[in-house]
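Chain by chain, the residues run as shown.
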Amino acid sequence: LLELIGTTARLELREVLQEIRPGSPEYRDTEVTTGEDTSGEVVFPAADVAEGQDPPLFRLGKVLMTGEAITQASAVFNDPTTVTDPTQQGWIVDFRLDATGGTRFAEITRQLRGKQMAIVLDRRVESAPNVNQAITGGRGIITLGDGLAPEAEQEAKDLALVLRVGALPVEL
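Residues numbered from 1 in each chain as written. Predicted model: local features only at pLDDT ≥ 70, side-chain atom pairs only at ≥ 80, totals over all residues. Heavy atoms only, no water.

(A) Spatial organisation of the pattern of salt bridges. Applying the stated criterion across every chain, the model contains 8 salt bridges. A salt bridge links Glu26 to Arg59, with the shortest nitrogen-to-oxygen separation between them at 3.5 Å. With Glu26 in helix α2 (residues 25-29) and Arg59 in strand β3 (residues 57-66), this residue pair connects regions lying 33 residues apart in the sequence. For Glu26, a relative accessible area of 35% corresponds to the partly exposed category. The residue Asp94 makes a salt bridge to Arg96 at a minimum N-O spacing of 4.0 Å. On the basis of relative accessible area, Arg96 is assigned to the partly exposed category, the value being 35%. The network of salt bridges with common partners includes Asp94, Arg96 and Arg139. (Salt bridge = Lys/Arg side-chain N within 4 Å of Asp/Glu carboxyl O. Helix = DSSP H or I, 4+ residues; strand = E, 2+ residues; numbered from the N terminus. Buried < 20%, exposed > 50% of the residue type's maximum accessible area, 1.4 Å probe, protein only.)

(B) Structural detail: the packing of aromatic side chains. Overall, the coordinates contain 2 aromatic pairs when judged by the stated rule. Ring plane angle 90° and centroid distance 5.5 Å describe the contact between Phe95 and Phe105, whose orientation is recorded as edge-to-face. Highlighted residues: Phe95 in strand β5 (residues 90-97) and Phe105 in helix α3 (residues 99-111), separated in sequence by 10 residues. No difference in accessibility class separates Phe95 from Phe105, as the two residues are buried. (Phe/Tyr/Trp six-rings, centres within 6.5 Å; stacked < 30°, edge-to-face > 60°.)

(C) A look at empty space enclosed by the protein. By the definition in use, this model includes 1 cavity of 30 Å³ or more. A volume near 90 Å³ is recorded for the largest cavity. Lining the largest cavity are 13 residues; nearest its centre among them are Leu13, Ile70, Phe95, Phe105 and Leu163. Broken down by secondary-structure element, the contributors of at least two residues to the lining of the largest cavity are β1 (11-20), β3, β5 and β6 (117-121). (1 Å grid on protein atoms, 1.4 Å probe; cavity = no way out; pocket = protein on both sides within 12 Å on 5 of 7 lines; lining within 4 Å. Points joined across faces, edges and corners; volume = space filled by probe spheres on them.)

Here you go:
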């Protein structure tokens, strides 16, 4: 658990301004943000990378929201034989927000429609899903691309854990 979440459990939602892939000319010249002031534009690495590989870097906008508004997050398996929307088949992450967070999240997702939103935990990009539509009502889902892939279950469980732990305003 501590390996997954690090030591401070600070969850942030930020707009993805640019994804910088290893091997690109820009990658060599891009520095990861260090220091205490991370309120503005930053560069953070992806969290989940195979050993020995360089992580993609993400240039991110300012913090749009933190994890305090998340009240619940869980990994859910949607049986492909009963789900009508093919993008929601297999493993997904279902999450809920408090009333204030739900209103703010709706505003953010309206602004980011068609763009990526980074889920950042302790300066690492855990996930950067595309925002397909405004998410209203204080509840949302994160689809995992191929929710039926063998690794999808663990990915969904890890992301749900990140969202739950990131809602804790404490040092671990």
